[in-house]
Amino acid sequence: MVSPSSLFVPAAPKFIAQEPQPPSAEQVELREGLLARHAHIDPKFLYDTLGSALFTAITQLPEYYPTRCESEIFQRHGADIARHIGPVLSMIDLGAGDCVKAERLFPSLRPRHYVPIDISADYLQAAVRRLQLSYPDLQITAIGQDFTHALALPASVPAEQRLFFYPGSSIGNLSPEDAHAMLRRIREQCAGGGLLVGVDRVKPKQVLEPAYDDALHLTAAFNLNLLRHVNSVLDADFDVDDWRHVALFNSASSRIEMHLEAQRALRVAWPGGARAFSAGERIHTENSYKFTPPAFADLLQSAGYRDVAHWSDSRGWFSIFSARA
């Protein structure tokens, strides 16, 4: 028999308290938006890897006219656009996504250095691997960055003959004030180069609204996927089934609005916070401002650009602007 004094009693485990990690800038931004009087989430959070893939699919839908209009403009006016731009050493692609739009301009613009920038770094990386195989002589510097608030280029990008390429209608996701600030930031880094930007134009809501609320509900999936991304970043407990996609044209503000609407009264929680939503309450997820050509030309000139020119598709639904810094 073993005496009690000979029993081995293991020492109590030592627990080392870990310092709580401070919230990231993204987490702070999401918390502030969700707790605002009118809840909102910045549209950049739409573009995780799945969101980027869904948006690429949306551009192929019959209702989504901007991509086809933009392609028509480059096909019909590509030579004139290239002449207006002049020599391009570095092509800086803002919101590059799958890089296909920029790639179509390589034959006419002939950049020696391609700099795609996108918030979804993983999605961008896959696109760049494809380009490197197709264009082994093209220098490529890919950057994962949220360029809507700050635009930082590495020293490896030459300062001269830069072309900033901002395709689609992404400039419309920004408020007029933020768009003006963004255009100024680009101009400051153009170093005498230029900007090539796509702009969606004012048109009847019977054309606009289906482009953001398609029959296949791909745009709805794109918008709802935002909640999955927020859950990942913020460790929140959004249930996608509790929400529905809403898209509408706000004629007073000349913008399409996308929202997520609660289908019942519910509560969403995350570490250190929570919010109750009533049935029908919405989270504002995206704006897409629509412009007339004179209004956007004025915006460019007020941001310090000169030699402004633009080209349109045959229906006058979309415009491509070229401007010098």
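From a predicted model like this one, the values you see are computed outputs, not experimental measurements.

Observations regarding helix 2 (residues 49-58)
Side chains that are three or four residues apart share a direction in an α-helix, a result of its 3.6 residues per turn.
Reasoning step 1: Residues of helix 2 that are buried: Gly 51, Ser 52, Leu 54 and Ile 58. When helix 2 is viewed along its axis, its buried side chains cluster within an angular range of 160 degrees and face the same direction.
Reasoning step 2: If you follow the buried residues of helix 2, they end up packed against helix 5 (121-134) and helix 8 (218-234).

Things to note about the environment of Ala 152
Reasoning step 1: In this fold, Ala 152 is placed in the loop between strand 4 (143-144) and strand 5 (162-166).
Reasoning step 2: For the pair Ala 152 and Thr 292, spaced 140 residues apart in sequence, the C-alpha separation works out to 30 Å.
Reasoning step 3: Apart from the residues within four sequence positions on either side, Ala 152 is in contact with Ile 143, Gln 145 and Gln 189.

What about the side chain of Arg 162?
Reasoning step 1: In this fold, Arg 162 is placed in strand 5.
Reasoning step 2: Although Arg 162 lies buried, it forms no salt bridge, and the closest oppositely charged side chain, Glu 160, sits 7.2 Å away as judged by the N-O distance.
Reasoning step 3: Of note is the side chain of Arg 162, whose polar atom sits 3.0 Å from the backbone oxygen of Val 157.
Reasoning step 4: Residues in contact with Arg 162, not counting those within four places in the same chain, are Ser 90, Ile 92, Leu 153, Val 157, Gln 189, Cys 190, Gly 193 and Gly 194.

Focus on the pairing of strand 10 (residues 273-277)
Reasoning step 1: As defined by bridge partners, strand 9 (residues 266-270) adjoins strand 10 across 5 bridges and the pair is classed as antiparallel. By the bridge assignment, Val 268 is partnered in strand 10 with Arg 275.
Reasoning step 2: Adjacent in sequence and paired antiparallel, strand 9 and strand 10 are bridged by 2 residues, among which Gly 272 carries a positive phi angle near 85 degrees.

Topic: unusual backbone geometry
Reasoning step 1: Of note in this structure, Asp 235 is not a glycine but carries a positive phi near 60 degrees.
Reasoning step 2: Relative to the elements of secondary structure, Asp 235 occurs in the loop between helix 8 and strand 7 (243-250).
Reasoning step 3: Classification of Asp 235 by relative accessible area gives exposed; the value is 55%.
Reasoning step 4: At Asp 307, a residue that is not glycine, the phi angle is positive and equals roughly 50 degrees.
Reasoning step 5: The exposure class of Asp 307 is partly exposed, given its relative accessible area of 44%.

Overview of the sheet that holds strand 8 (residues 255-262)
Reasoning step 1: Pairing is antiparallel in the open sheet, where 3 strands are placed in the order 7-8-11. The open sheet is flanked by strand 7 and strand 11 (282-289), the only strands paired with a single partner. Strand-to-strand twist in this sheet, taken as the mean axis angle between neighbours without regard to direction, amounts to 20 degrees.
Reasoning step 2: Taken together, the 8 bridges between strand 7 and strand 8 define a ladder with antiparallel strand orientation. In the sheet register, Phe 249 faces strand 8, and the bridge partner there is Ile 256.
Reasoning step 3: The strands touched by helix 8 are strand 7, strand 8 and strand 11; relative to strand 8, the strand with the most contacts, the crossing angle is about 60 degrees.

A word on a negative patch on the surface
Reasoning step 1: Together, Asp 235, Asp 237, Asp 239 and Asp 241 line one region of the surface with negative charge.
Reasoning step 2: Locating Asp 241 in the fold gives a position in the loop between helix 8 and strand 7.
Reasoning step 3: For Asp 241, a relative accessible area of 66% translates into the label exposed.

A few points about the pattern of salt bridges
A side chain with one charge can pair with a side chain of the opposite charge if their charged atoms come near.
Reasoning step 1: Counted by the stated rule, this structure contains 13 salt bridges.
Reasoning step 2: Residue Asp 146 pairs with Lys 44 through a salt bridge whose shortest N-O separation is 2.8 Å. Pair noted here: Asp 146 is in the loop between strand 4 and strand 5 and Lys 44 is in the loop between helix 1 (25-35) and helix 2, with a separation of 102 residues, a long-range link.
Reasoning step 3: A relative accessible area of 23% places Asp 146 in the partly exposed class.
Reasoning step 4: The exposure class assigned to Lys 44 is buried, which follows from its relative accessible area of 11%.
Reasoning step 5: Measuring nitrogen to oxygen at the nearest pair gives 2.3 Å for the salt bridge that ties Arg 83 to Asp 80. One end of the pair is Arg 83 and the other is Asp 80, both in helix 3 (residues 66-85) and 3 residues apart, which spans about a single turn.
Reasoning step 6: With a relative accessible area of 59%, Arg 83 lands in the exposed category.

Conventions and cut-offs
Residues numbered from 1 in each chain as written. Predicted model: local features only at pLDDT ≥ 70, side-chain atom pairs only at ≥ 80, totals over all residues. Heavy atoms only, no water. Buried < 20%, exposed > 50% of the residue type's maximum accessible area, 1.4 Å probe, protein only. Helix = DSSP H or I, 4+ residues; strand = E, 2+ residues; numbered from the N terminus. Arc of directions from axis to C-beta. Contact = heavy atoms within 4.5 Å. Lys, Arg positive; Asp, Glu negative; His and termini not counted. Salt bridge = Lys/Arg side-chain N within 4 Å of Asp/Glu carboxyl O. Polar contact = N/O pair within 3.5 Å; in protein donor to acceptor, adjacent residues only side chain to side chain. Pairing = 2+ DSSP bridges. Axes fitted to C-alpha atoms, helices over the stretch in contact; angles between N-to-C directions. Patch = residues over 30% accessible without salt bridge, like charges linked within 9 Å, V, L, I, M, F, W, Y side chains within 5 Å. Areas by Shrake-Rupley, 256 points an atom, 1.4 Å probe, with all protein chains shown as cover. Charge placed at Lys NZ, Arg CZ, Asp CG, Glu CD.

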